[in-house]
Amino acid sequence: MIKLSFILLGIQLLSFWNSCSKHDTYVAGDLQQQKTLLAGNWDFAIGERSILSQSTFPPGDSGYYTDGAVPLLKIGSQYYGFWARYRNYRTVAGSPLLQNHLGQLNPLTPVFGGNQPNNGTSNGFNDGGMWFIGVRQLNDGRLAGFFHAETHWYPRTTQGWYAYKSIGVAYSADSGRSWGAPYQILKHELDKPATPGWSGLGDGAVIYNHLNNKYYCYYTPATGVTSICMAASSDPNGYVGSWKKWYNGSFSEPGLGGKQTALSPLTMNPGSNPSVHWNTYLNRFVMIWHGWDGKLYISASADGETWETPRLLLQDGPKAWYPAIIGASSVEGGQAIQLYYAFDFRADGRRTLASRTITFQLL
């Protein structure tokens, strides 16, 4: 009887071992490894593509969306969206879905950003434009707008459209109709080079992590580690000087000029322009970004710091870029969310704005 019990116990242990190995190698007592074993117990289905018209934007801007994040939040009973190119338009509608924001420009002119003309002058920060990668309402009612900024080299017609990128913050007291002075909060450890070239850091997303009351910025450096990195701030307003970059396992480097370490395992599919939201159905943060190979990838995290192994979300032609997720807002969603992205890029930079539904399922 004792011998038979040991045999049965051995079979049970072998079954447990095989179940664990489907995800990774089990290491007893390793909490991080156990966390990895629990990852991936969800799946998704993606719907058919639909096309959204861009004809309601002014002619000079029509055809360039999406060009990065589309931050969207609810204020009162209305939803406010901020459409990014080198400047931001604001839309106001009774629904969070972007198709219901088309034709709802409020005001009709851009509310933030803009750039110097081709023969302009560089100021070393935002002369090439600014556009929001995250907008949040603060406790005092103001909006904090976190933005991607670019500085170019002039004359632009001979120096090209290369950019040195960084990330900043500005504040609005009138629900995003107008904005105060812009401030730089995240900068590459290398300064803007004298020779034009893609450099700096940016192309990111900013969220507020309600689990630990911190802001997180996910961004990609243009040189060095060209994969998604992160920085965090514990300041309730995300002020200048409060940001620390993730480096060698901790938030230990200053936001302005410090070093960074790319997030593993997201380095398996390097890319940029993530869209990040808290998913109330999965009880996880979900990140979608475009890889340098032109495909969209997806990952999830229980805490916003430790991310699961990326999965392929979508390939739509040779280049699908600039994903934007909308659920209840751009930073919260449930079992079904709406994916917006750009594909069918033309020689002049214009692209087609597409939409698909993503439905999650717990396994």
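Q: Report on the environment of Pro 254, specifying residues and quantitative values.
A: Here Pro 254 shows up in strand 15 (residues 250–254). Separated by 68 residues in sequence, Pro 254 and Leu 186 place their C-alpha atoms 8.3 Å apart.

Q: Pulling in residues and values, what's your account of the sheet that holds strand 19 (residues 311–314)?
A: Pairing is mixed in the open sheet, where five strands are placed in the order 19-18-17-16-21. Each of the sheet's edge strands pairs with one partner strand only, and the pair in question is strand 19 and strand 21 (332–333).

Q: Account for empty space enclosed by the protein, naming residues and giving values.
A: Using the criterion set out here, one finds one cavity of 30 Å³ or more in the structure. When its volume is computed, the largest cavity comes out at roughly 40 Å³. Every residue lining the largest cavity is listed: Asp 67, Gly 68, Ala 69, Trp 131, Ile 133, Asp 203, Gly 204, Asn 273 and Pro 274. Among the elements of the structure, strand 7 (129–137), strand 11 (199–209) and strand 16 (271–279) are those that each provide at least two residues to the lining of the largest cavity.

Q: Quick one: what's the story with the side chain of Arg 356, residue by residue and with numbers?
A: Summarising the element assignment, Arg 356 is placed in strand 23 (residues 352–362). Its relative accessible area of 12% is what places Arg 356 among the buried residues. A polar contact of 2.8 Å, which involves the side chain of Arg 356, links it to the side chain of Tyr 341. When residues no more than four places from it in sequence are discounted, the contact partners of Arg 356 are Ile 46, Gly 47, Glu 48, Arg 49, Leu 314, Asp 316, Ile 337, Gln 338, Leu 339 and Tyr 341.

Q: Lay out a nonpolar patch on the surface with the relevant residues and their values.
A: A surface patch of nonpolar side chains, amounting to about 270 Å² of accessible area, comprises Tyr 183, Val 240 and Leu 256. Mapped onto the secondary structure, Tyr 183 falls in strand 10 (residues 183–186). With a relative accessible area of 44%, Tyr 183 lands in the partly exposed category.

Q: If you had to explain the sheet that holds strand 4 (residues 78–84) to someone new, which residues and values would you point to?
A: Reading across the sheet, the four strands line up as 3-4-5-6 and stay open at both edges, with antiparallel pairing between neighbours. If you trace the sheet from one side to the other, it starts and ends with strand 3 (72–75) and strand 6 (112–113), each paired once. Bridge analysis of strand 5 (residues 87–93) against strand 6 gives two bridges, and the strand direction is antiparallel. Bridge pairing in strand 6 places Arg 87 opposite Gly 113.

Conventions we followed
- Residues numbered from 1 in each chain as written.
- Predicted model: local features only at pLDDT ≥ 70, side-chain atom pairs only at ≥ 80, totals over all residues.
- Heavy atoms only, no water.
- Helix = DSSP H or I, 4+ residues; strand = E, 2+ residues; numbered from the N terminus.
- Pairing = 2+ DSSP bridges.
- 1 Å grid on protein atoms, 1.4 Å probe; cavity = no way out; pocket = protein on both sides within 12 Å on 5 of 7 lines; lining within 4 Å.
- Points joined across faces, edges and corners; volume = space filled by probe spheres on them.
- Buried < 20%, exposed > 50% of the residue type's maximum accessible area, 1.4 Å probe, protein only.
- Polar contact = N/O pair within 3.5 Å; in protein donor to acceptor, adjacent residues only side chain to side chain.
- Contact = heavy atoms within 4.5 Å.
- Patch = residues over 30% accessible without salt bridge, like charges linked within 9 Å, V, L, I, M, F, W, Y side chains within 5 Å.
- Areas by Shrake-Rupley, 256 points an atom, 1.4 Å probe, with all protein chains shown as cover.
- Salt bridge = Lys/Arg side-chain N within 4 Å of Asp/Glu carboxyl O.

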